[in-house]
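Next come the chains, spelled out residue by residue.
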Amino acid sequence: MDRSHRIFLVTGHVQCVGFRYSTRIRAMDLELTGYAKNLNNGDVEVLAVGNSANIEKLHTWLHKGPDTARVERVAEQDAADIKIDDTNSRYFQVL
């Protein structure tokens, strides 16, 4: 199985609009684990772990997000320091 992990930083009007919960639903539909969490600067950080093709599908979806959001940018953050086992979860979490 092709197992990978990537971190995305989503910028725009993405807090208080259900972005993290919508991301969780989409990620679980794609059989991904990881998390979505609000950052103090107003961005949302998303860690996606699973099949590379499904992570790319989530990445594409993050550019739009739910209808209530206004995504300005999705950047990939270096995930080299995170081991897949460090996620320690069998689910996609909202933090």
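All figures in this text were calculated on a predicted structure; none of them were measured in a lab.

Caption draft 1: Here's a closer look at the pattern of salt bridges. Counted by the stated rule, this structure contains 5 salt bridges. Among the salt bridges present, the one from glutamate 56 reaches arginine 6, with a minimum N-O distance of 2.8 Å. Within this pair, whereas glutamate 56 is found in helix α2 (residues 52–62), its partner arginine 6 is found in strand β1 (residues 3–13), the two being separated by 50 residues in sequence. Among the residues examined, glutamate 56 registers a relative accessible area of 34% and is labelled partly exposed. Take arginine 6: its relative accessible area is 17%, and that puts it in the buried class. Across the pair lysine 64 and aspartate 67 runs a salt bridge whose closest N-O atoms are separated by 2.9 Å. Salt bridges sharing common partners tie together Arg6, Glu56 and Glu76.

Cut-offs applied
- Residues numbered from 1 in each chain as written.
- Predicted model: local features only at pLDDT ≥ 70, side-chain atom pairs only at ≥ 80, totals over all residues.
- Heavy atoms only, no water.
- Salt bridge = Lys/Arg side-chain N within 4 Å of Asp/Glu carboxyl O.
- Helix = DSSP H or I, 4+ residues; strand = E, 2+ residues; numbered from the N terminus.
- Buried < 20%, exposed > 50% of the residue type's maximum accessible area, 1.4 Å probe, protein only.

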